[in-house]
Amino acid sequence: MAEAYSGLKVFVLLHSGIKLDGIVSQVFPSSHQMTLKDVTLHIPGQLPHFTPIYGVIGKDIKDLQVLAPTTPNVQQTLPIDNHILDQIPSSHPPTKTVTTIKSTSKTRKTKQQTNNCRKKNGWAGEDVNIFREEEFDFQKNLDMFDKAKVFAEISESDETAPEDLLVTLNRLPQKNQTHLLPTENVLGVERVPLYDMTTTRHNNKSKDKKRQSVKIVTAQNGNIQCSAMTPLQMTQVEHECDKKIIQMNQKSCFEDVVMENGGRGAALLVLQILNRMNIVSSPSIVIMVGQHDKKGCVGLVAARHLINHGCHVTVCIESGITSDATLQYEIAARRYGARVCHHIQELGDSYDLVMDAIVEIEEMSHSIYDMIDWVNDQSKPVLSIDFPSGVDATTGIPYQPEYVIHPNWTLCLGAPKTGCKSHEITGDLYLVDIGIPRLCWKHISVKGNMVPWGADFLIALEYDK
């Protein structure tokens, strides 16, 4: 029965509103599809388009009418609904289309006909067989990509210090440089640990003057050394902690844990400092907060704890668009009773202590400059969260010397940073436990970061003289 429809000129209305008329070329009952030839497309809002061949799926047909028979076998014109293809039995297999290989002369004629048809009918008149005959030249396109040149440009533009690279452990010189045979065990060769850059400093003395490592130890518990970490290493270990939380099917992220534990530790240190200063009656604290920094959220969490302990807290947040996390912690601080402002002109001068939770990156806005200037103009002591604002936490070098905060104390979150070079940069050092498991330190190849917390979440550090 499917052959009875071949050669009929039909009019088809699709559910999409497109109308088309053409001659039935093939009908495939098994897949409920048919192919039309010499088709004219009537798209709403556009001029009619001509295409030599067009395929139609049965479920897309809204109405189908036979316009005129082109063979003497058909004697009447009947309207056919959109289920016509379902009515055709599937006893006859679908006709296979055989594509023959054309000669060069025929190909040229076909291309010329296609170009003429393209000018007349646009994209609908293109012959797809031309593109099938052209094979993609993979090697030719691969030769256009100069890998050596691209990697050379990346190396030249990379300003990362060698000791900060993740592959530093593999690139460091071996203590006993030997040429191993294929039968020897390469794992038996001892390498310099990642945090011990002594060998590297001897090999590159010009850079060591700017990047000297300072030994930091605990002020109590036997002056045990505490390894300094770069901001990149801290990001890596927090990522490892995030993976642990995901494994436990928790909806929160470790960054929330860092903010809560860090804020609680900052509030605890402020209360200890106020007690040493004999300020116990309604102390007044001002907290300077940046928009998009994690340390700004730590300052907002500290504001809640300080209010719970009887402090008057004023929070000055950098003006502009605030991140979602900062906005969330700002709302919580307001509900606890903190006074929040966005301009330093709204701040007074009757404060007992200033907390620096402004910024930890190089890109600083004009409002950040004003906040740093305001902090430096105060005669009250300053506590910096994690690292002083305006100073590179990796090197200890100021981004801009005129916009640097010189704190009396610095509270390190999780580990001291490699930028902790001297007391002049950070003031007195303290370290708060933000909840990083020791196993996560090992996953990023950091050994020896075993701080003896004991029963304390907040411990004092000092520079080893």
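Everything discussed here concerns the structure shown above.
A short tour of the structure in this document, coming up. All figures in this text were calculated on a predicted structure; none of them were measured in a lab.

Rules and cut-offs
- Residues numbered from 1 in each chain as written.
- Predicted model: local features only at pLDDT ≥ 70, side-chain atom pairs only at ≥ 80, totals over all residues.
- Heavy atoms only, no water.
- Helix = DSSP H or I, 4+ residues; strand = E, 2+ residues; numbered from the N terminus.
- Buried < 20%, exposed > 50% of the residue type's maximum accessible area, 1.4 Å probe, protein only.
- Contact = heavy atoms within 4.5 Å.
- Areas by Shrake-Rupley, 256 points an atom, 1.4 Å probe, with all protein chains shown as cover.
- Salt bridge = Lys/Arg side-chain N within 4 Å of Asp/Glu carboxyl O.
- Expected span 1.5 Å × (residues − 1).
- Arc of directions from axis to C-beta.
- Pairing = 2+ DSSP bridges.
- Axes fitted to C-alpha atoms, helices over the stretch in contact; angles between N-to-C directions.
- Core = buried A, V, L, I, M, F, W, Y, C linked by side-chain atoms within 4.5 Å.

**Let's talk about the overall build of the protein**
Step number 1: In terms of regular secondary structure, the protein is built from 15 helices and 15 strands.
Step number 2: Counting the 465 residues in the protein, one finds 41% classified as buried.
Step number 3: Within the protein, counting contacts between residues at least 6 apart in sequence, those at least 24 apart form 66% of the total.
Step number 4: When the accessible surface of the protein is split by element, carbon and sulfur atoms take 52% of a total near 27,500 Å².

**What about the environment of histidine 342?**
Step number 1: Take histidine 342: it is sitting in the loop between β10 (339–341) and β11 (353–357).
Step number 2: Taking relative accessible area as the criterion, histidine 342 reaches 27% and is therefore assigned partly exposed.
Step number 3: Each C-alpha atom of the pair histidine 342 and isoleucine 317 lies 4.9 Å from the other, and the pair is 25 residues apart in sequence.
Step number 4: With near-sequence residues (within four places) excluded, histidine 342 lies in contact with Cys316, Ile317, Glu318, Ser319, Glu330 and Arg334.

**Here's the deal with the pattern of salt bridges**
Should the charged atoms of two oppositely charged side chains come close, the side chains can pair.
Step number 1: In total, this model carries six salt bridges according to the counting rule given.
Step number 2: Measuring nitrogen to oxygen at the nearest pair gives 3.2 Å for the salt bridge that ties lysine 243 to glutamate 240. Placement of the pair is lysine 243 and glutamate 240 together in helix α9 (residues 231–247), with a separation of three residues, close to one helical turn.
Step number 3: Residue glutamate 240 is classed as buried on the basis of its relative accessible area, which comes to 13%.

**Side note on helix α12 (residues 324–336)**
Step number 1: The end-to-end C-alpha distance of α12, which contains 13 residues, comes to 19 Å, matching closely the 18 Å that a straight helix rising 1.5 Å per residue would cover.
Step number 2: Residues of α12 that are buried: Thr326, Tyr329, Glu330 and Ala333. An end-on view of α12 places all buried positions within 110 degrees of arc, on one side of the element. Opposite its buried face, α12 presents the exposed residues Asp324, Gln328 and Arg335, each directed more than 90 degrees away.
Step number 3: The secondary structure elements touched by the buried residues of α12 are α10 (254–276), β8 (284–289), α11 (294–308), β9 (312–317) and β10.
Step number 4: Looking one or two residues past α12, glycine 337 carries a phi angle of roughly 115 degrees, positive in sign.

**A look at the pairing of strand β12 (residues 382–385)**
Step number 1: Alternating positions in β12 separate into two faces, Val382 and Ser384 on one and Leu383 and Ile385 on the other, with burial throughout.
Step number 2: Relative to β12, β11 is paired through three bridges, and the arrangement is parallel. Its bridge partner lying in β12, aspartate 356 is registered against serine 384.
Step number 3: With three bridges joining them, β12 and strand β13 (residues 409–413) adopt parallel strand pairing. The residue bridging serine 384 from the neighbouring strand is threonine 410, located in β13.

**Here we look at the sheet that holds β9**
Step number 1: Strands sit in the order β7-β15-β14-β13-β12-β11-β8-β9-β10 across an open sheet of nine strands; the sheet is mixed. Strand pairing shows two members of the sheet lacking a second neighbour, β7 (216–218) and β10, which therefore form its edges. Averaged over all adjacent pairs, the angle separating strand axes in this sheet is 25 degrees, with direction ignored.
Step number 2: The strands touched by α10 within the sheet are β8, β11, β12, β13, β14 (428–432) and β15 (458–463), with β13 carrying the most contacts at an inclination of about 155 degrees.
Step number 3: Helix α13 (residues 366–377) rests against β8, β9, β11 and β12 of the sheet, and its axis sits at about 150 degrees to β8.

**Some words on the nonpolar core**
Step number 1: Within the largest apolar cluster, 51 residues are counted, with the highest numbers of intra-cluster contacts made by Ile287, Leu306, Val315, Met355, Leu411, Ile436 and Trp441.
Step number 2: Broken down by element, this core gets its largest block of residues, nine residues, from α10.
Step number 3: Discounting residues that sit within four places of it in the chain, leucine 306 has contacts with Ala267, Val270, Leu271, Ile285, Ile287, Cys311, Val313 and Met355.
Step number 4: Counting 18 residues, the second largest nonpolar core, distinct from the first, contains Cys341, Leu347, Met371 and Trp374.

**Remarks on the environment of histidine 32**
Step number 1: When you line up the elements, histidine 32 lands in the loop between β2 (19–28) and β3 (33–42).
Step number 2: Judged by its relative accessible area of 32%, histidine 32 is partly exposed.
Step number 3: Residues histidine 32 and isoleucine 57, spaced 25 residues apart in sequence, show a C-alpha to C-alpha distance of 6.2 Å.

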